[in-house]
Amino acid sequence: MFKKDLQAAPKQKLKSSVQRSLRQSLLTTYPLLTPYIDEVMPKKASLSSVKLPDRNTLYVVGDAATPVFYQQDSGDILPHLRLLHRFPRAFPSVRVDRGAVRFVLSGATLMAPGLTSAGGRLPADGSPATLEEGREMEQGVDGEGRWSRELAKGEPVVIMAEGKEEACAVGLLVAGTAEVKEKGKGPVVEEAHYLGDGLWNLVLD
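Only a predicted model underlies this, so the values are computations on that prediction, with no experimental measurement involved.

(A) Summary view of the overall build of the protein. Scanning the protein from N- to C-terminus turns up 7 helices and 10 strands. Rg of the C-alpha trace for the protein: 17 Å, near the compact-globule value of 17 Å for 205 residues, within the 12% margin. The dimensions of the protein, computed from C-alpha atoms along their principal axes, are 45 × 40 × 25 Å. The burial tally for the protein puts 47% of its 205 residues in the buried class. Sequence-distant contacts in the protein: of pairs separated by 6 or more residues, those separated by 24 or more amount to 58%.

Below, the structure is given as structure tokens:
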């Protein structure tokens, strides 16, 4: 989605009501972000939007225009990689093996074999498909790098890389993790934001 360099439009400060709505939407989508939300979106710092090509909007915080999230049309709000590197455990993740990393970092569709191999990580077999209401804060990564529940098609997901500490991409699942394990082939994440892409390299005034 962001393979080319981007030209950003001027920042537009968001109204307080819009900021509150966005904040609530983030916590609903990413409950594990709750302990950090005041660091991500300080109440006294202004939140602005920046229009990008292909109907994308980037949200930035403060005078330094620190990127935090982006959104296409009215779809899911996805974390910018710079935010992911600050709060890595606040977002559901999968891991690709070493062989898949170069494809992810070229903007290619993430395919199932990169996740189902020995170096890849999907949720452990037997993981719950959903969490009981009120237990959202109990999810997370185990000692082997596996998320504690199955992730559904259409859900935002962070892509970690074998042997690396920081996330290399983020996008939306086009297949649920249970289906990926069952079939072992086919696309898993398309149109991801990845390290070195136009969104990562975007310079804001």
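(B) Structural detail: the pairing of strand β8 (residues 156-161). Extensive coverage of β8 is indicated by the burial of 6 of its 6 residues. Both faces of β8 are covered, namely the face carrying Pro-156, Val-158 and Met-160 and the face carrying Val-157, Ile-159 and Ala-161. By the bridge criterion, 4 bridges tie strand β6 (residues 93-96) to β8 in an arrangement that is parallel. The partner of Arg-95 across the bridge, within β8, is Met-160. Sheet analysis places β8 next to strand β9 (residues 169-173), joined by 4 bridges and oriented antiparallel. Its bridge partner being in β9, Val-157 is matched across the sheet by Gly-171.

(C) Molecular detail of the confidence of the model for the protein. When pLDDT is averaged across the protein, the result is 92; 100% of the residues are at 70 or more. At the low end of the mean pLDDT range in the protein sits helix α1 (residues 16-29), at 92; at the high end sits β6, at 97.

(D) Examining the packing of aromatic side chains more closely. A complete count under the given rule lists 4 aromatic pairs for this structure. Ring geometry for Tyr-30 and Phe-69: centres 6.2 Å apart, planes at 25°, overall stacked. Of this pair, Tyr-30 sits in the loop between α1 and α2 (37-40) while Phe-69 sits in strand β4 (residues 66-72); the two residues are 39 residues apart in sequence, bridging distant segments of the chain. An angle of 70° between the planes, with centres 4.9 Å apart, marks the rings of Tyr-30 and Phe-91 as edge-to-face. Placement of Tyr-30 in the loop between α1 and α2 and of Phe-91 in the loop between α3 (81-86) and β6 is noted, with a sequence separation of 61 residues between them. In this structure, Tyr-30 and Phe-91 share a single accessibility class: buried.

(E) Inspection of the pattern of salt bridges at higher detail. Per the counting criterion, the structure on display carries 10 salt bridges. In this structure, Arg-98 engages Glu-162 in a salt bridge whose closest nitrogen and oxygen atoms are separated by 2.8 Å. Residue Arg-98 is found in helix α4 (residues 98-104), and its partner Glu-162 is found in the loop between β8 and β9; the two are separated by 64 residues along the sequence. When its relative accessible area of 55% is taken as the criterion, Arg-98 is described as exposed.

(F) Quick look at the side chain of Gln-19. Within the secondary structure, Gln-19 sits in helix α1. Among the polar contacts listed, one links the side chain of Gln-19 to the backbone oxygen of Leu-14, at a separation of 3.0 Å. Once residues lying within four places of it in the same chain are set aside, the contact partners of Gln-19 are Leu-14, Met-41, Ala-45, Ser-46 and Leu-47.

(G) Geometry of the nonpolar core. Counting 61 residues, the largest nonpolar core has Phe-69, Phe-91 and Val-96 as its most contacted members. A per-element tally of this core places β8 first, with 5 residues. Among the domains, domain 1 (12-86) and domain 2 (93-194) are the pair contributing at least three residues each to this core.

(H) Fine view of the UniProt feature "domain: PUA" (unreviewed entry) in the protein. The UniProt record annotates "domain: PUA" (unreviewed entry) at residues 92-196. Across residues 92-196, helical content stands at 17% and strand content at 24%; the span's end C-alpha atoms are separated by 22 Å.

Basis of the calculations
- Residues numbered from 1 in each chain as written.
- Predicted model: local features only at pLDDT ≥ 70, side-chain atom pairs only at ≥ 80, totals over all residues.
- Heavy atoms only, no water.
- Helix = DSSP H or I, 4+ residues; strand = E, 2+ residues; numbered from the N terminus.
- Rg over C-alpha atoms; globule rule 2.2 N^0.38 Å.
- Buried < 20%, exposed > 50% of the residue type's maximum accessible area, 1.4 Å probe, protein only.
- Contact = heavy atoms within 4.5 Å.
- Pairing = 2+ DSSP bridges.
- pLDDT = per-residue confidence, 0-100.
- Phe/Tyr/Trp six-rings, centres within 6.5 Å; stacked < 30°, edge-to-face > 60°.
- Salt bridge = Lys/Arg side-chain N within 4 Å of Asp/Glu carboxyl O.
- Polar contact = N/O pair within 3.5 Å; in protein donor to acceptor, adjacent residues only side chain to side chain.
- Core = buried A, V, L, I, M, F, W, Y, C linked by side-chain atoms within 4.5 Å.
- Domains from an automatic or database assignment.
- UniProt positions renumbered as here; feature names shortened; annotations may be inferred.

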